[in-house]
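Structural overview for review
Each chain, written out:
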Amino acid sequence: QVQLVESGGGLVQPGGSLRLSCAASGFTFSSYIMSWYRQAPEKERELVASIRGAGGSTNYADSVKGRFTISRDKGTNTLYLQMNSLKPEDTAVYYCKAWSLVSTYWGQGTQVTVSS
């Protein structure tokens with residue numbers, strides 16, 4: 001059974017940091033491109049960052065470049081998103097996604113709220 005379980009969300013003040021985790025199971029983690037997406041209220045879901053399995057090359061949305069870092073641990077099948085210098089506009093539900101040519105999986109999401 002495929003599972004993607006996000007954790008690490010919460011309430012943080014502007015300028016603060018959070019680290020999101022996504023525990024993956026039920027599929028070959030290293031064979032999938034892993035990504036973080038987010039969806040703010042009344043907005044479309046958008047790509048935040050992605051990382052390939054082979055080589056680990058990364059890609060970021062312009063709005064988070066220099067502040068967020070995506071990484072993956074193949075030993076524990078876990079995807080991470082380190083978020084620094086958080087802004088109110090980063091408030092959203094953050095989703096983990098696993099993609100390959102044959103299948104796509106999504107997690108249930110974790111809420112991140114940036115507010116003073």
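Here the residue numbering is sequential within each chain, running from 1 through the sequence in written order. Selection of residues for local features in this predicted model requires a pLDDT of at least 70, selection of side-chain atom pairs for listing and counting requires 80 or more, and totals for whole chains, interfaces and linings are taken over all residues. Side-chain calculation: all heavy atoms of the structure are included, whereas hydrogens and water are not.

**Brief notes about the overall build of the protein chain**
To keep it simple, the criterion reads: Where helices and strands are cited, they refer to DSSP runs of H or I of at least four residues and of E of at least two residues respectively, numbered from the N terminus. Radius of gyration here uses only the C-alpha atoms, and the compact-globule reference equals 2.2 Å multiplied by the residue count raised to the power 0.38. Residue contacts are counted whenever heavy atoms from the two residues lie within 4.5 Å of one another. Computed by Shrake-Rupley with a 1.4 Å probe, the accessible areas treat only the displayed protein chains as cover when residues are assessed. In this charge count, Lys and Arg are treated as positive and Asp and Glu as negative; neither His nor the chain ends contribute. One atom stands in for each charge, and that atom is NZ of Lys, CZ of Arg, CG of Asp or CD of Glu.
In terms of regular secondary structure, the protein chain is built from 0 helices and 11 strands. Mapped in sequence order, the helices and strands of the protein chain form the string β-β-β-β-β-β-β-β-β-β-β. In terms of overall dimensions, the protein chain is globule-like: its C-alpha atoms have a radius of gyration of 13 Å, near the 13 Å expected for 116 residues. Principal-axis analysis of the C-alpha atoms gives the protein chain an extent of 40 × 25 × 25 Å. Restricting the contact set of the protein chain to residue pairs at least 6 apart, pairs at least 24 apart contribute 53%. For the protein chain, the exposed area adds up to about 6,200 Å²; of that, 46% sits on carbon and sulfur atoms. Charge-centre separation for the protein chain: the mean point of 11 positive side chains lies 7 Å from the mean point of 8 negative side chains.

**Describing the side chain of Ser 100**
Defined as follows: Per-residue accessibility, obtained with a 1.4 Å probe over protein chains only, is compared with the maximum for each type, and a residue is labelled buried under 20%, exposed over 50%, and partly exposed between these values.
Locating Ser 100 in the fold gives a position in the loop between strand E9 (92-99) and strand E10 (104-106). Exposure remark for Ser 100: the relative accessible area of 12% places this residue in the buried category. The contacts of Ser 100, once residues within four sequence positions are left out, are Ser 31 and Tyr 32.

**With respect to the pattern of salt bridges**
Formally: When a carboxyl oxygen of Asp or Glu is within 4 Å of a side-chain nitrogen of Lys or Arg, the pair counts as a salt bridge.
Counted according to the given criterion, the structure contains 4 salt bridges. Residue Arg 38 is joined to Asp 90 by a salt bridge in which the shortest nitrogen-to-oxygen separation is 2.9 Å. Of this pair, Arg 38 sits in strand E4 (residues 33-39) while Asp 90 is found in the loop between strand E8 (78-83) and E9, placing the two residues 52 residues apart along the sequence. In this structure, Arg 38 and Asp 90 share a single accessibility class: buried.

**Things to note about the sheet that holds strand E7 (residues 68-73)**
Inclusion rule: Two strands pair under a simple rule: DSSP has to find at least two bridges between them. Interaxial angle, 0 to 180 degrees, is taken between N-to-C directions of lines fitted to C-alpha atoms, where a helix line uses only the stretch in contact.
Strand order across the open sheet formed by 4 strands is E1-E3-E8-E7, with antiparallel pairing between neighbours. The open sheet has two edge strands, strand E1 (3-7) and E7, and neither has a second partner. Each strand of the sheet is rotated relative to its neighbour by a mean of 15°, with strand direction disregarded. Relative to E8, strand E3 (residues 18-25) runs antiparallel, the two being bridged by 6 bridges. From the neighbouring strand, Leu 18 faces E8, where its bridge partner is Met 83.

**Section: the side chain of Thr 78**
Tracing the backbone through its elements, the reader meets Thr 78 in strand E8. Owing to a relative accessible area of 10%, Thr 78 belongs among the buried residues under this scheme.

Everything listed here is a matter of coordinates, which is why it stays silent on function.
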